[in-house]
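A look at the structure
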Amino acid sequence: MPELPEVETVVRGLRPDLIGRTVVGAWTDWPKVLDDVSLVELTATLKGRRISAIFRRGKYICVDLEGVFLVIHLRMTGRLYLSDRAEGDDRWVHFSLALDQNAHMAFSDSRKFGRVLLRHSLDFLEAKLGPEPLTLSDADFADILQGSTRAVKTFLLDQAKIAGIGNIYADESLLRAKIHPLTPVDRLSRKQACALGAEIRRVLEAGIAHEGASISWYRKPDGNKGESQQHFMVYGRTNLPCKVCGTAVQRTVVGQRGTHFCPNCQRR
DNA sequence: CGTGGGACCTGAACGC
DNA sequence: TGCGTTCAGGTCCCAC
């Protein structure tokens, strides 16, 4: 579910409530959510540590506990919020971090795809993720595309090339840039590549401004829905009129992901 | 290097 | 009502 705008919204919502809090324990009812560590080991490592920062890298949430990092990926249905109970406020909470003042950072995830990692360095993230799209110039984005023959939609979803774009914002960016999702990257002109970079930034920034897209599971930490879905131009609009030209939006599959595009605005 | 299939999981929506 | 199918914002692993 969550892509860059949703993850960023979660981080911004939690930050004021988390900074400065001290860990007093941890809880899980499904240890597999802890990818690389046992609950006992995680608790021993974090107990007594203070949260000094929380930030996003790609779609990962990084909680800095004085040099030790709790790294969380929400995958498809993950939610993160504060609760006054270790088991959280819904039936899908599988992990929580107990903090002082009787607060718990609850990780809810109905599909159980999400993971919580404990690391002493974030080098592993830098090794696997491409640059952040929001701070990437059009020219640098165009340079990243160099040398690839893949379908542009597939390329945008490759986190090693550029970090944070997911299925929704890939489709939305391509519509706005008027590029067909199956276009081979090496057949884009420099001008088209720069335009795509600009539209990616615009779409992601709008997604953040609307506090993320609540199609199904995603909620802000305060429990409310984001509003980004109200502004989609193609995503999830199969057979509905394109918001640019009115042509019926088509759905196809690219790289095994449902892909929405306007056959009039986005010519091959 | 790139792609396709499957795995990991559960819930919602829809057809019959 | 109940059952079967399909789809879902993501990522990893393996075969080819």
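Definitions and cut-offs
Residues numbered from 1 in each chain as written. Chains lettered and ligands numbered in written order. Predicted model: local features only at pLDDT ≥ 70, side-chain atom pairs only at ≥ 80, totals over all residues. Heavy atoms only, no water. Helix = DSSP H or I, 4+ residues; strand = E, 2+ residues; numbered from the N terminus. Contact = heavy atoms within 4.5 Å. Areas by Shrake-Rupley, 256 points an atom, 1.4 Å probe, with all protein chains shown as cover. Lys, Arg positive; Asp, Glu negative; His and termini not counted. Charge placed at Lys NZ, Arg CZ, Asp CG, Glu CD. Buried < 20%, exposed > 50% of the residue type's maximum accessible area, 1.4 Å probe, protein only. Pairing = 2+ DSSP bridges. Axes fitted to C-alpha atoms, helices over the stretch in contact; angles between N-to-C directions. Core = buried A, V, L, I, M, F, W, Y, C linked by side-chain atoms within 4.5 Å. Domains from an automatic or database assignment. Buried area = accessible area lost by both parts, 1.4 Å probe. Salt bridge = Lys/Arg side-chain N within 4 Å of Asp/Glu carboxyl O.

**What to know about the overall build of chain A**
Each helix and strand counted, chain A has seven helices and 10 strands in total. For the C-alpha atoms alone, the extent of chain A along its principal axes is close to 55 × 35 × 30 Å. Of all intrachain contacts in chain A linking residues separated by at least 6 positions in sequence, the fraction that spans at least 24 positions is 64%. Total accessible area computed for chain A in this model is approximately 11800 Å², and 48% of it derives from carbon and sulfur atoms. Taken together, the 38 basic and 31 acidic charged side chains of chain A have centroids lying 7 Å from each other.

**Focus: helix α6 (residues 167–176)**
With respect to burial, α6 is a largely interior element, nine of its 10 residues being buried. The complete set of buried residues in α6 reads N167, I168, Y169, A170, D171, E172, S173, L174 and L175. In the core, the buried residues of α6 are packed alongside α1 (4–18), α5 (152–156), α7 (190–209) and β10 (257–261). Phi turns positive, to about 60°, at K178, one or two residues after α6.

**Focus: the sheet that holds strand β5 (residues 78–83)**
Ordered in space as β1-β6-β7-β5, the four strands form an open sheet in which the pairing is antiparallel. Whereas interior strands pair on both sides, the edge strands pair on one side only; in this sheet they are β1 (23–28) and β5. Ignoring which end each strand starts from, the neighbouring axes of this sheet average 15° apart. Where strand β6 (residues 93–99) meets strand β7 (residues 103–109), six bridges bridge the pair, whose relative direction is antiparallel. Of the residues in β7, the one forming a bridge with A98 is H104. The strands that α1 touches are β5, β6 and β7; relative to β5, the one it contacts most, it runs at about 20°.

**Thoughts on the nonpolar core**
Counting residues in hydrophobic clusters, the biggest one holds 31 residues, and the most contacted among them are L42, L46, I61, L70, F95 and L97. Every element with two or more residues in this core is listed here: α1, α2 (39–46), β3 (60–65), β4 (68–73), β6, β7 and β8 (115–119). Of the residues forming this core, the biggest block, five residues, is contributed by α1. For I61, the contacting residues outside a window of four places in its chain are V7, V10, V11, I54, F55, L70, V71, I72, L74 and L80. If you look at the next biggest cluster of nonpolar residues, it comprises 27 residues, including L145, V185, L188 and A213.

**Notes on the domain arrangement of chain A**
On domain assignment, one finds that chain A holds domain 1 (4–128) and domain 2 (133–261). For domain 1 versus domain 2, the separation of C-alpha centres amounts to 28 Å. Each side of the interface is counted separately: domain 1 has 20 residues, and domain 2 has 20 residues. At the boundary of domain 1 with domain 2, total buried surface from both sides reaches about 1600 Å², with 68% on carbon and sulfur atoms. Looking only at domain 1, the three residues that lose the most surface to domain 2 are L4, E6 and R79, adding up to 32% of its buried area. Applying the counting rule to domain 1 against domain 2 returns zero salt bridges. Of all the secondary-structure elements, those providing two or more residues to the side of domain 1 that touches domain 2 are α1, β2 (53–57) and β5. Here the element with the most residues in the side of domain 1 that touches domain 2 is α1; it accounts for nine residues.

**Some points on the environment of Y169**
Take Y169: it is sitting in helix α6. Considered as a pair, Y169 and G25 are 144 residues apart in the sequence and their alpha carbons are 37 Å apart.

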